[in-house]
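In case you want the letters, here they are:
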Amino acid sequence: MSRIVPPYPPGRNLLAGKTVVVTASAGTGIGFSAAKRASEEGATVLMSDFHERRLNEAADRIAEATGTRPAVKLCDVTREEDVLALRDAALAELGHVDVLINNAGLGGTASVVDMKDDEWSRVIDVTLTSVMRMSRAFLPHMYERGQGSVVNNASVLGWRAQEGQSHYAAAKAGVMAFTRCSAIEAAQHGVRINAVAPSIAMHAFLAKVTTDELLAELSKREAFGRPAEVWEVANVMIFLASDLSSYMTGEVLSVSSQHA
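Let me begin by describing the structure that accompanies this report. (Residues numbered from 1 in each chain as written. Predicted model: local features only at pLDDT ≥ 70, side-chain atom pairs only at ≥ 80, totals over all residues. Heavy atoms only, no water.)

1. Concerning the overall build of the protein chain
Helix and strand content of the protein chain: eight helices and nine strands. Principal axes of the C-alpha set define a box for the protein chain whose edges measure 45 × 40 × 40 Å. Looking at the 260 residues of the protein chain, the share that counts as buried comes to 50%. Surface exposure of the protein chain reaches about 12000 Å², of which carbon and sulfur atoms provide 54%. Between the mean site of the 25 positive side-chain charges and the mean site of the 30 negative ones, the protein chain shows a separation of 3 Å. (Helix = DSSP H or I, 4+ residues; strand = E, 2+ residues; numbered from the N terminus. Buried < 20%, exposed > 50% of the residue type's maximum accessible area, 1.4 Å probe, protein only. Areas by Shrake-Rupley, 256 points an atom, 1.4 Å probe, with all protein chains shown as cover. Lys, Arg positive; Asp, Glu negative; His and termini not counted. Charge placed at Lys NZ, Arg CZ, Asp CG, Glu CD.)

2. Things to note about the pairing of strand E3 (residues 71-74)
Alignment of strand E2 (residues 44-49) against E3, held across four bridges, turns out to be parallel. Within the sheet, the bridge partner assigned to Asp-49 lies in E3 and is Leu-74. The parallel pair E2 and E3, bridged by helix H2 (residues 52-66), forms a crossover whose chirality is right-handed. (Pairing = 2+ DSSP bridges. Right-handed = clockwise from strand over helix to strand, strands pointing away.)

3. As for the packing of helix H1 (residues 30-40) against H2
At a minimum axis distance of 10 Å, the contact between H1 and H2 shows a crossing angle of 30 degrees. Note on packing geometry: the crossing formed by H1 with H2 is right-handed. Residue-level inspection shows Phe-32, Ala-35, Lys-36, Ser-39 and Glu-40 of H1 in contact with H2, the latter providing Ala-58, Arg-61, Ile-62, Ala-65 and Thr-66. Taken together, the residues of the contact of H1 with H2 sort by class into five nonpolar, two polar and three charged. (Axes fitted to C-alpha atoms, helices over the stretch in contact; angles between N-to-C directions. Left-handed = near helix turned anticlockwise from the far one by under 90°. Contact = heavy atoms within 4.5 Å. Nonpolar A, V, L, I, M, F, W, Y, C, P; charged D, E, K, R; others polar.)

4. Considering the packing of H1 against helix H8 (residues 230-241)
Where H1 contacts H8, the axes come no closer than 8 Å and their chain directions differ by 55 degrees. What the angle tells us is that H1 and H8 run oblique. You can see that H1 and H8 cross each other, and the crossing is right-handed. Here H1 contributes Ile-30, Ser-33, Ala-34, Arg-37 and Ala-38 to the contact with H8, which in turn contributes Val-230, Trp-231, Val-233, Ala-234, Asn-235, Met-237 and Ile-238. Looking at side-chain class alone, the contact of H1 with H8 contains nine nonpolar, two polar and one charged residues. (Parallel < 35°, antiparallel > 145°, perpendicular 65-115°, else oblique.)

5. Topic: H2
Here H2 is 15 residues long and its end C-alpha atoms lie 21 Å apart, about the 21 Å a rise of 1.5 Å per residue gives. Among the residues of H2, those classed as buried are Leu-55, Ala-58, Ala-59 and Ile-62. Projection of H2 onto a plane perpendicular to its axis shows the buried side chains occupying an angular sector of 95 degrees, all on one side. Following H2 by one or two positions, Gly-67 adopts a phi angle in the positive range, close to 85 degrees. (Expected span 1.5 Å × (residues − 1). Arc of directions from axis to C-beta.)

Here's what the structure looks like:
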């Protein structure tokens with residue numbers, strides 16, 4: 001069992017000339033890393049989030065690392081008007097959108113008997129309905145161009161069970177099903193839709209909201225005996241966004257050994 005983290009990979013121009021929109025990309029998590037990796041792979045990136053200060057700080061960090069600052073646009077993915085404004089801003093800023101990375105999600109822990117309706121609804125809205133909302137807004141543009149790639153962020157909890165996670169697991173299973181069904185519709189327009197399913201990807205916010213005991217337990221279940229780095233998940237997103245995965249659509253790729 002190897003707990004050694006591999007070296008951070010250099011860019012290989014996998015997205016050279018592409019334009020990429022990433023939701024929920026402020027902070028330190030998978031969305032930020034996906035935006036950073038896309039920029040390192042030669043893409044022109046627009047980052048969105050609902051937190052203005054963190055969003056601009058994230059764009060500044062990418063500018064320091066790559067020499068190019070991504071465009072930014074505030075967006076609450078649970079609000080239709082925000083989503084449409086994000087689409088319009090992306091088209092105005094980027095000219096067109098080649099890749100959409102739907103990263104927004106919301107977790108939490110609650111047993112079924114104690115769960116309130118608003119807890120359930122909020123997780124479903126942020127984690128699942130937002131993927132539909134974003135896809136509904138951006139797909140017609142991709143259809144018109146006859147090309148494009150959508151990458152959704154699911155979770156291994158869409159496959160396996162974990163106590164206290166019925167709302168989040170249901171949402172992520174829904175993302176998987178939505179990915180498969182929407183991919184069939186999009187294929188006739190030359191557009192691909194795929195998803196990644198990570199388990200535990202370590203970043204500062206996760207460490208704040210998860211107990212050390214659960215982090216240790218989940219890490220032990222992984223084949224490598226450690227959490228994924230957020231950029232290791234982002235790398236798979238970049239692969240799915242790139243032309244290297246040109247014959248893949250409707251797929252959910254696990255970035256974890258915890259399928260069940």
